[in-house]
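Chain by chain, the residues:
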Amino acid sequence: MAKKFILTRFLQVIHGYAEVTNRRPAPRPPAIFLMQMRKQHTQTQLSSRPRPLAIATAWQNGPDVALPVPINHLEPR
């Protein structure tokens, strides 16, 4: 009976070590993965599309005053 107990205990220890030694690395947290994907996405977008250009205009004969805006007054209910 003692040999059977020792043998089962030994097998449990062997299986436990096998589970510990054959471990896979822990998966990366999803937040870090998403931040890396966002960084790659923005880098490819910046390199593929042209930068917007600022265009300044100067009106030659435009009025210097603001145009009147009609004001509609609503009656309270």
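Residues numbered from 1 in each chain as written. Predicted model: local features only at pLDDT ≥ 70, side-chain atom pairs only at ≥ 80, totals over all residues. Heavy atoms only, no water.

Caption draft 1: Structural view of the overall build of the chain. On a plain count of helices and strands, the chain comes out with two helices and zero strands. Every one of the 77 residues in the chain was classed for burial, and the buried ones make up 0%. Accessible surface, the chain as shown: approximately 9100 Å² in total, 63% of it carbon and sulfur. (Helix = DSSP H or I, 4+ residues; strand = E, 2+ residues; numbered from the N terminus. Buried < 20%, exposed > 50% of the residue type's maximum accessible area, 1.4 Å probe, protein only. Areas by Shrake-Rupley, 256 points an atom, 1.4 Å probe, with all protein chains shown as cover.)

Caption draft 2: Fine view of a nonpolar patch on the surface. A cluster of nonpolar side chains, contributed by Leu7, Phe10, Leu11 and Ile14, occupies part of the molecular surface with about 380 Å² of accessible area. Tracing the backbone shows Leu7 in helix H1 (residues 2–21). (Patch = residues over 30% accessible without salt bridge, like charges linked within 9 Å, V, L, I, M, F, W, Y side chains within 5 Å. Salt bridge = Lys/Arg side-chain N within 4 Å of Asp/Glu carboxyl O.)

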